[in-house]
Amino acid sequence: MRLIIVSGLSGSGKSVALATLEDSGFYCIDNLPVDLLDAFGRHIADTGGEESYAVGIDARNRPASLAQFPSILDSLREQGLDAEIVFLDADDPTLLKRFSETRRRHPLSGPDLPLAEAIQGERERLMPLHERADLTVDTTRTTLHELRGIIRARLTQSRTHLSVQLESFGYKHGTPTDADFVFDSRCLPNPHWQPALRPLTGRDQPVIDFLDATPLVARYRRQISDFMEDWLPVFEAENRSYLTVAIGCTGGQHRSVYLVEALAANLRQHDVAVTVRHRELP
């Protein structure tokens, strides 16, 4: 029996995540008080069956209750529940912009607490959940459509093995904060400096041929592939459910895209559950 606990910063997409899970057949409860979580877990454990549940927990809970979350989580798992935490996050400028555009009130803000301070206070209050998260999703540069796709791909499938997400990105747009491993491919030959290749991406055959022909690229790709093949079983043996591996280049168009596609193809040959995201591509 599966229980997904969805938490995160206000404005980061928690409601979208819960709605996506509900559309996928999960029984969802939003804003469940932490004090009731253990009792809810006992209730669904007693019912038996193979249903999937999701609950939303946010900063409107009392700090003292949130501080007790780690022990409650341990209790849920001792009851035999497959309990996992998904934490949604975004950087402060993005959250400020979203609240400004929607004119929503932050749940912790008030006449004596500006929005920026409310966001910081929320981060601190939710730290017990963030620290125990099985999957963190940074929605800073993620559209609602993309977030729904991430939730469906990583959470709604039947999960029997470690789920790996390979993500390409451009360093000039910032490093992903939700990656477990980050590899830098800026040391490799850059197709951007080939006029015929500049408008293409790492998914296009001329770029693939250009990078395939470079021994340094083949060596880099092989060593990352060997690293993942060696260590993914170790993470899976430690009951890790999710792993995010990000590969960056300057703009996130050529080298990182090429490597992500090549590594994904290799992992799929080894029966690894892989999702691919190219952050800078439309």
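Please read all numbers here as calculations on a predicted model, not as lab measurements. (Residues numbered from 1 in each chain as written. Predicted model: local features only at pLDDT ≥ 70, side-chain atom pairs only at ≥ 80, totals over all residues. Heavy atoms only, no water.)

Participant: So what's going on with the nonpolar core? Residues and values would help.
Facilitator: Nonpolar side chains in soluble globular proteins generally cluster together in the buried interior. One finds Leu 3, Ile 5, Leu 37, Ile 57 and Phe 69 to be the most contacted residues of the largest nonpolar core, which totals 28 residues. Put simply, the parts of the chain that give this core at least two residues each are β1 (2–8), α2 (37–47), β3 (52–56), α4 (69–78), β4 (82–89) and α6 (115–125). No other element matches the four residues that α4 contributes to this core. For Ile 57, the contacting residues outside a window of four places in its chain are Ile 5, Val 6, Ser 7, Gly 8, Leu 32, Val 34, Leu 37, Leu 66, Phe 69 and Leu 129. Among the nonpolar cores identified, the runner-up in size contains 25 residues, and Val 207, Leu 211, Ile 224 and Leu 243 belong to it. (Core = buried A, V, L, I, M, F, W, Y, C linked by side-chain atoms within 4.5 Å. Buried < 20%, exposed > 50% of the residue type's maximum accessible area, 1.4 Å probe, protein only. Helix = DSSP H or I, 4+ residues; strand = E, 2+ residues; numbered from the N terminus. Contact = heavy atoms within 4.5 Å.)

Participant: Tell me about the packing of helix α1 (residues 14–23) against helix α8 (residues 144–155), and please be specific about residues and values.
Facilitator: Following both chains from N to C, one finds α1 and α8 inclined at 50°, their axes separated by 9 Å at the closest point. Our classification of the angle between α1 and α8 gives oblique. Every pair of crossing elements has a handedness; the one defined by α1 and α8 is right-handed. Where α1 approaches α8, its residues Val 16, Ala 17, Thr 20 and Leu 21 are matched on the opposing element by Leu 144, Leu 147, Arg 148, Ile 151, Arg 152 and Leu 155. Of the residues in the contact of α1 with α8, the class split is seven nonpolar, one polar and two charged. (Axes fitted to C-alpha atoms, helices over the stretch in contact; angles between N-to-C directions. Parallel < 35°, antiparallel > 145°, perpendicular 65-115°, else oblique. Left-handed = near helix turned anticlockwise from the far one by under 90°. Nonpolar A, V, L, I, M, F, W, Y, C, P; charged D, E, K, R; others polar.)

Participant: Quick one: what's the story with the UniProt feature "domain: RapZ C-terminal" (unreviewed entry) in the chain, residue by residue and with numbers?
Facilitator: The UniProt record annotates "domain: RapZ C-terminal" (unreviewed entry) at residues 163–281. Secondary structure over residues 163–281 splits into 39% helix and 22% strand, and the C-alpha atoms at its two ends are 22 Å apart. (UniProt positions renumbered as here; feature names shortened; annotations may be inferred.)

Participant: Outline the sheet that holds strand β9 (residues 273–278), supporting the account with residue identities and numerical values.
Facilitator: Overall, parallel pairing links the four strands, which are arranged β7-β8-β6-β9 in an open sheet. The sheet is open, and its two borders are formed by β7 (181–184) and β9, each paired with just one other strand. Taking each pair of neighbouring strands and ignoring which way they run, the sheet shows an average axis angle of 20°. As judged from the eight bridges shared by strand β6 (residues 163–170) and strand β8 (residues 242–249), these two strands associate in the parallel manner. Following the sheet pairing, Val 164 is matched in β8 by Leu 243. Here helix α10 (residues 215–237) sits on the sheet in contact with β6, β7 and β8, set at roughly 175° to β7. (Pairing = 2+ DSSP bridges.)

Participant: Provide a residue-level description of unusual backbone geometry, including the pertinent values.
Facilitator: A negative phi angle is the norm for most residues apart from glycine, just as the trans form is the norm for most peptide bonds. One non-glycine residue, Asn 31, lies in positive phi territory at about 55°. Structurally, Asn 31 can be placed in the loop between β2 (27–29) and α2. On the basis of relative accessible area, Asn 31 is assigned to the partly exposed category, the value being 29%. With a phi angle near 65°, Asp 271 is a residue other than glycine that sits in the positive phi range. Looking at the element boundaries, Asp 271 is found in the loop between α11 (255–269) and β9.

Participant: Lay out the pairing of β3 in plain terms, naming residues and giving numbers.
Facilitator: Burial of β3 is extensive: four of the five residues sit out of reach of the surface. Across five bridges, β1 lies against β3 in parallel orientation. Its bridge partner lying in β3, Val 6 is registered against Gly 56. Pairing of β2 with β3 involves three bridges; the strand directions are parallel. Bridge pairing in β3 places Ile 29 opposite Val 55.

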